[in-house]
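Each chain, letter by letter, is given below.
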Amino acid sequence: MSYKHHLSFTYLSQEDLLNAGCLDMQMVMDIAEKGMFEFERHHVIFPEKIVQIFNQATQERINCLPATLLDEKVCGVKWVSVFPLNPSQHDQQNLSAIFILSEIETGFPICVMEGTLASNMRVAAMGGIAAKHLARPDSAVIGFIGAGEQAKMHLIAMKAVCPGLTQCRVAAYLVAHEEQFIAELSPLYPEMEFVSTNTNAQQAMEDADILVTATSAQAPLLKAAWMKPGAFYSHVGGWEDEFEVALQADKIVCDDWETVTHRTQTLSRMYKEGLINASHIHADLHELVSGKKPGRESESERIYFNAVGLAYIDVAIATAMFNRARENQQGTQLDLQQSMVFEHPDLKSKLKR
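Procedures and definitions
- Residues numbered from 1 in each chain as written.
- Predicted model: local features only at pLDDT ≥ 70, side-chain atom pairs only at ≥ 80, totals over all residues.
- Heavy atoms only, no water.
- Disulfide = S-S within 2.5 Å.
- Buried < 20%, exposed > 50% of the residue type's maximum accessible area, 1.4 Å probe, protein only.
- Helix = DSSP H or I, 4+ residues; strand = E, 2+ residues; numbered from the N terminus.
- Expected span 1.5 Å × (residues − 1).
- Salt bridge = Lys/Arg side-chain N within 4 Å of Asp/Glu carboxyl O.
- Pairing = 2+ DSSP bridges.
- Contact = heavy atoms within 4.5 Å.

Peer 1: Explain the state of the cysteines to me, using residue names and the numbers behind them.
Peer 2: Taken as a whole and judged by the stated rule, the model has zero disulfides. Note on Cys22: no disulfide assigned, nearest cysteine sulfur contributed by Cys111 at a separation of 10 Å. Here Cys64 stays free of any disulfide, with the sulfur of Cys75 as its closest cysteine sulfur at 10 Å. Judged by its relative accessible area of 17%, Cys64 is buried.

Put into structure tokens, the structure is as follows:
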């Protein structure tokens with residue numbers, strides 16, 4: 001039987017997305033750059049995200065991030081949870097996400113999809129795009145504090161834009177996490193040397209060309225003395241570095257400085273304490289992508305990049321993944337409704353009195 005008001009949507013699991021070829025960092029970086037161009041043209045709606053923090057000390061939280069892509073006629077929202085204690089207390093990942101995408105001609109949902117893959121790839125893609133403009137082209141050594149999913153994705157992005165990377169050092173809270181990082185990433189890049197530092201953050205970072213902190217810690221793990229002249233630093237998490245790291249930087253670039261001022265990252269804390277303001281920020285990333293401001297201008301510049309996450313980039317990536325999954329016939333079609341409530345012929349039998 002056909003129903004006039006039948007509504008359905010596509011459900012995409014992480015496995016559907018992987019099978020569709022969505023683990024494609026170059027695609028994600030291209031989409032992110034396109035999204036930044038659309039942002040500059042005022043072709044996106046970008047409200048502030050809603051944050052619910054359940055534990056200020058550990059930053060356990062659930063965030064709701066909406067955005068609309070006017071050219072694509074898609075409105076989306078990412079519902080993302082960050083529970084830093086999950087790995088140690090429950091042996092589970094600390095981040096999970098889901099996307100809902102709706103078209104904006106009739107307003108109906110078109111897709112519900114697993115969002116952790118897209119979210120982690122977006123974080124890494126922004127770091128990769130920043131590195132393309134701000135890291136030294138001859139960068140050879142990358143160092144990590146943190147060995148989780150976002151650190152792993154960051155290596156994929158950094159290797160895509162800096163193919164000359166030959167050594168990867170990693171420091172984590174536990175040696176087992178470093179070993180897992182190496183076991184999972186070394187088969188992808190057999191030409192690279194991977195070094196476990198036995199939780200020694202200084203060994204991971206000192207003399208590295210590219211430094212990445214990707215942790216759930218709320219502590220100044222990265223010391224300014226470890227960042228050599230000419231190094232590029234991608235700050236992923238919350239408070240991960242001492243203030244002097246930013247104060248000594250020759251350039252500070254954000255994905256969006258105005259958004260940073262409302263968050264809890266190192267730069268946010270410094271702003272609230274009056275240590276930095278907008279005059280200390282060289283550029284937002286979209287200004288480098290569009291060529292309005294220069295990237296690296298000398299071999300000796302220390303450059304600090306801070307991304308807090310922009311919902312319109314998330315939604316753009318999710319939309320691209322949805323389109324690729326459709327092209328590859330991945331996903332499950334689910335009913336939202338077969339008909340409107342009062343069109344059901346047997347409604348009387350369902351009415352509870």
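Peer 1: I'd love a proper account of helix H4 (residues 116-134), names of residues and values included.
Peer 2: Compared with the 27 Å implied by 1.5 Å per residue over 19 residues, the 27 Å span of H4 between its first and last C-alpha is a close match. Burial runs high along H4: 17 of the 19 residues are buried.

Peer 1: Requested: an account of the pattern of salt bridges, with residues and values cited.
Peer 2: Following the criterion strictly, the structure yields 18 salt bridges and no others. Residues Lys132 and Glu33 are paired through a salt bridge, measuring 2.7 Å at the closest nitrogen-oxygen approach. Of the two residues, Lys132 sits in helix H4 while Glu33 sits in helix H2 (residues 25-40), which places them 99 residues apart along the sequence. Between Asp346 and Lys350 there is a salt bridge whose closest N-O contact spans 2.5 Å. Because the salt bridges share partners, they merge into one network encompassing Lys34, Glu38 and Glu72.

Peer 1: How would you summarise the pairing of strand S1 (residues 7-12) if you had to cite specific residues and measurements?
Peer 2: Examined bridge by bridge, S1 and strand S16 (residues 332-337) share five bridges and lie antiparallel to one another. What sits directly across from Phe9, in S16, is Leu334. Examined bridge by bridge, S1 and strand S7 (residues 109-114) share three bridges and lie parallel to one another. The residue bridging Leu12 from the neighbouring strand is Met113, located in S7.

Peer 1: Got a sec to walk through the side chain of Thr197? Specific residues and values, please.
Peer 2: Looking at where Thr197 falls in the secondary structure, it is placed in the loop between strand S10 (193-196) and helix H7 (201-205). Accessibility expressed as a relative area gives 3% for Thr197, which makes it buried. Excluding its chain neighbours within four sequence positions, the residues that come into contact with Thr197 are Arg169, Val170, Ala171, Glu178, Gln203 and Ala204.

Peer 1: Give a detailed account of the environment of Val28, specifying residues and quantitative values.
Peer 2: Position of Val28 among the secondary structure elements: in helix H2. For Val28, a relative accessible area of 1% gives the class buried. Remark: the alpha-carbon pair of Val28 and Ala316, spanning 288 residues in sequence, is separated by 8.9 Å. Each residue touching Val28, except ones within four places of it in the same chain, is listed here: Met121, Arg122, Ala125, Ile317 and Met321.

Peer 1: Describe unusual backbone geometry, with residues and values.
Peer 2: The phi angle at Asp91 is positive, at roughly 55°, despite the residue not being glycine. Summarising the element assignment, Asp91 is placed in the loop between helix H3 (86-90) and strand S6 (95-103). A positive phi is found at Thr199, a non-glycine position, where the angle reads about 70°. Turning to its location among the elements, Thr199 is positioned in the loop between S10 and H7. Residue classification places Thr199 among the partly exposed positions, given a relative accessible area of 39%.

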